[in-house]
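Listed below are the residues making up each chain.
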Amino acid sequence: MRITCPCCGERSLDEFVYHGDATVRRPDASAPDAMTQFTNYVFIRANPAGAHRELWYHSAGCHAWLVVTRVVATHTIVGVELARDVAARRVHENREVA
Amino acid sequence: MQSYSLFSVLRESLRGHTGWRPTWRDAAPKTAYDIVVIGGGGHGLATAYYLAKKFGEARVAVLEKGWIGGGNVGRNTTIVRSNYMLPGNIPFYEMSMKLWENLEQDINYNAMVSQRGVLNLCHSDAQRDAFARRGNAMRIHGVDAELLDREAVRRMYPFLDFDNGRFPIHGGLLQRRGGTVRHDAVAWGYARAADSHGVDIIQNCEVTGFRIQNGAVTGVETTRGFIASRKVGVAVAGNSSRVMALAGRHMPIESHVLQAFVTEGLKPVIDGVVTFGAGHFYISQSDKGGLVFGGDLDGYNSYAQRGNLPVIEDVCEGGMALMPRLGRVRILRSWGGIMDMSMDGSPIIDRTDIAGLYFNGGWCYGGFKATPASGLCFAHLISRDEPHPLARVYRLDRFTTGHAIDEKGMGPHPNLH
Ligand SMILES: Cc1cc2nc3c(=O)[nH]c(=O)nc-3n(C[C@H](O)[C@H](O)[C@H](O)COP(=O)(O)OP(=O)(O)OC[C@H]3O[C@@H](n4cnc5c(N)ncnc54)[C@H](O)[C@@H]3O)c2cc1C
Ligand SMILES: [Zn+2]
């Protein structure tokens, strides 16, 4: 398994640090069910056997945070994006909804 | 059941070994059972055995999607120990150790239980202090532990690299009652014993769904048809999240791959289990002579039963730092298994919010040693609908209530436990 970093190209796995599921979101602390939401945010994972969106940090490279989409049953990587771009897109989408 | 003894071996050797019978029946599924256990690994088979033998349950089935012993029970590095530190863990793993000590008599099967000692090495003063603390915690609970100094370790294993520039060996914590058990013999032994008490072991039978009515389970859908049962126990290790998702539940679990390695067969080299304390590496020698060793998880979510090169390199570097003579040995095979890594590194044996659906999982990379105790406690839970006193802490809701059991102090990061 090698990860193609958008900045550095295809690099060996040992240059990266893994930080788990990229789909969890820090909940709103003022929500009425904040307690349940925070428990789920910290401890509960979908843990699918198919495509998994996950955070990787290119620590021995450009220091970018990446969102990698990977089929965990086969280790096939189907997409790599800068986490920054993913976050910007989400902010944009939220604005449109609002 | 055909009983195994010295006499039966002698008799069969005189008859040209023509009298041996299959070890368990290849059962076909019935339409209904009192209890269905999903997963024919060590934990599922042990659960079924204790359900039948100890709790007198007469209509029990184990459903296995492949063949029994094909999962982690046949892939682990066979180490058993009870050198834990936290109050909830020590009594549970010590009960497991006591069950191992009596297992072969109990199930009339040679599981090659070998109490050859587990030695954890320390490489700094701070680590020795931590080991002293752990050893004391164990001894307070009546578990054997000995803190060895450098010279005592040298007498046991003179060939280790004591003066390694970065990781000199300062001493170690030894549990003499720890050791190894032949992993697939555990699966076969429990299968045979469960079968002889009337349990149906059904292979090639994958559970594909649950039938749930009014908040209670009424049976399971399988590749071999619907099977009705008002009590269903899930013990599917690395597939915990997938199976529980069939019941619409998400778990505090991630699946990760752990690799292991075996070398070509050698004459006796190392007679106990030794772990390196400065990296992650542990080693023992199988009865066939191969050196069996492993290290860390690969560290990313995985359902592929194989890992990647960086961890192989890391494990081998650890081995060379500890035992330089390893460099001359050739690795024969490597493989991987899928670990059900829980969010605090400790297991779960509990009811779920669905009546009649029980869950056993989150065993991480250390569930083999727990097999007998896990089976006994899960059987207790399912049969009496009440947790076993020694497994009371392994609750599913402990993450909500703040009672996580984090032996390693890593926080909710499964890849770091
Ligand atoms: C490389 C490696 C080294 C290890 N070393 C050690 C060690 O030294 N000491 C130790 O204590 N532990 C060790 N472990 C951990 C230990 O092996 C596991 O924690 C333990 O075996 C898990 O329980 P099990 O035996 O029931 O799992 P498994 O044998 O994996 O059983 C689960 C079964 O469920 C079946 N299943 C899954 N989904 C379904 C379905 N939908 N329907 C029907 N059946 C299904 C699977 O096919 C499988 O057979 C190691 C693990 C690995 C991979
Ligand atoms: Zn990069």
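The structure contained in this document is the topic of the report that follows. (Residues numbered from 1 in each chain as written. Chains lettered and ligands numbered in written order. Predicted model: local features only at pLDDT ≥ 70, side-chain atom pairs only at ≥ 80, totals over all residues. Heavy atoms only, no water.)

Points about the overall build of chain A
Along its length, chain A carries two helices and six strands. Going from N to C terminus, chain A has its helices and strands arranged as β-β-β-α-β-β-β-α. Classification of the 98 residues of chain A by burial places 33% in the buried group. Partitioning the contacts of chain A with sequence separation of at least 6, the portion at a separation of at least 24 is 44%. (Helix = DSSP H or I, 4+ residues; strand = E, 2+ residues; numbered from the N terminus. Buried < 20%, exposed > 50% of the residue type's maximum accessible area, 1.4 Å probe, protein only. Contact = heavy atoms within 4.5 Å.)

Thoughts on the interface of chain A and chain B
Between chain A and chain B, the contact holds 22 residues from the first and 25 residues from the second. When the two sides are added together, the surface that chain A and chain B hide from each other amounts to roughly 2000 Å², 58% of it contributed by carbon and sulfur. Its largest share of buried area at the contact with chain B, chain A owes to Phe43(A), Asn47(A) and His75(A), together 31% of the area lost on that side. Linking chain A with chain B are one salt bridge. Along the contact surface separating chain A from chain B lie twelve residue pairs in polar contact (both at pLDDT 80 or more). Elements represented by at least two residues in the side of chain A that touches chain B include exactly β3 (17-21), α1 (34-43) and β4 (51-57) of chain A. Considering every element that reaches the side of chain A that touches chain B, the biggest residue donor is α1(A), with four residues. (Buried area = accessible area lost by both parts, 1.4 Å probe. Salt bridge = Lys/Arg side-chain N within 4 Å of Asp/Glu carboxyl O. Polar contact = N/O pair within 3.5 Å; in protein donor to acceptor, adjacent residues only side chain to side chain.)

Comments concerning the site of ligand 1
Residues and elements named next belong to chain B. In the vicinity of ligand 1, 37 residues are found, and the nearest of them are Glu 64, Asn 72, Val 73, Thr 77 and Lys 369. Glu 64 places a side-chain nitrogen or oxygen 2.6 Å from an oxygen atom of ligand 1. Between a nitrogen atom of ligand 1 and a main-chain N or O atom of Tyr 365, the distance comes to 3.0 Å. Sorting the residues of the shell around ligand 1 by element identifies α2 (42-53), β13 (253-265) and β17 (331-342) as the ones contributing at least two each. (Near = heavy atom within 4 Å.)

Observations regarding the environment of Gly61(A)
All names here are of chain A. One can find Gly 61 in the loop between β4 and β5 (65-71). Exposure remark for Gly 61: the relative accessible area of 36% places this residue in the partly exposed category. Along the primary structure Gly 61 and His 75 are separated by 14 residues, whereas in three dimensions their C-alpha atoms are 21 Å apart.

Structural notes on the coordination of the zinc ion (ligand 2)
Residue and element names in this part refer to chain A. For the zinc ion (ligand 2), the full set of protein donor atoms is Cys 5 (SG), Cys 8 (SG), His 58 (ND1) and Cys 62 (SG), at a range of 2.1 to 2.3 Å. Coordination geometry of the zinc ion (ligand 2): the four donor atoms subtend angles of 105 to 120 degrees at the metal centre, consistent with an arrangement described as tetrahedral. Site description for the zinc ion (ligand 2): donor spacing in sequence, C-x2-C-x49-H-x3-C. (Donors = N, O, S within 2.8 Å, 3.2 Å for Na, K, Ca; no water. Tetrahedral: all angles 85-135°; square planar, octahedral: opposite > 155°, others 65-115°.)

What about the pattern of salt bridges?
Counted under the stated rule, the structure contains 30 salt bridges over all chains. In this structure, Arg53(A) and Glu81(A) form a salt bridge, with 3.3 Å as the shortest nitrogen-oxygen distance. Here Arg53(A) is found in strand β4, whereas its partner Glu81(A) is found in strand β6 (residues 76-82), with 28 residues between them in sequence. The exposure class assigned to Arg53(A) is partly exposed, which follows from its relative accessible area of 28%. When the shortest N-O distance is used, the salt bridge between Arg176(B) and Glu146(B) registers 2.8 Å. Linking Arg176(B) in the loop between β6 (171-175) and β7 (179-180) with Glu146(B) in strand β5 (residues 146-149), this pair joins segments that are 30 residues apart in sequence. According to the relative accessible area criterion, Arg176(B) is partly exposed, its value standing at 44%. A residue is classified by how much of its surface remains accessible, and Glu146(B), at 27% relative accessible area, is partly exposed. Within this structure, Glu94(B), Lys98(B), Glu101(B), Asp144(B) and Arg177(B) form a network of salt bridges that share partners.

Points about the packing of aromatic side chains
Residues and elements named next belong to chain B. Counted by the stated rule, this structure contains 20 aromatic pairs over all chains. Where Tyr 4 meets Trp 20, the ring centres are 5.9 Å apart and the plane angle is 80 degrees; that geometry is what we call edge-to-face. With Tyr 4 in the segment before α1 (6-14) and Trp 20 in the loop between α1 and β1 (35-38), the pair connects residues that are 16 residues apart, well separated along the chain. The exposure class of Tyr 4 is partly exposed, given its relative accessible area of 25%. (Phe/Tyr/Trp six-rings, centres within 6.5 Å; stacked < 30°, edge-to-face > 60°.)

Re the pairing of strand β16 (residues 290-301) of chain B
Residue and element names in this part refer to chain B. Of all the twelve residues making up β16, eleven are buried; the element is thus mostly covered by neighbouring parts of the structure. Across six bridges, β13 lies against β16 in antiparallel orientation. Across the sheet, Leu 258 pairs through a bridge with Leu 297, a residue of β16. Across four bridges, the pairing between strand β15 (residues 281-285) and β16 is antiparallel. Residue pairing for β16: Gln 285 is matched across the bridge by Leu 291. (Pairing = 2+ DSSP bridges.)

So, to be careful, I would describe these as geometric facts and stop short of saying anything about function.
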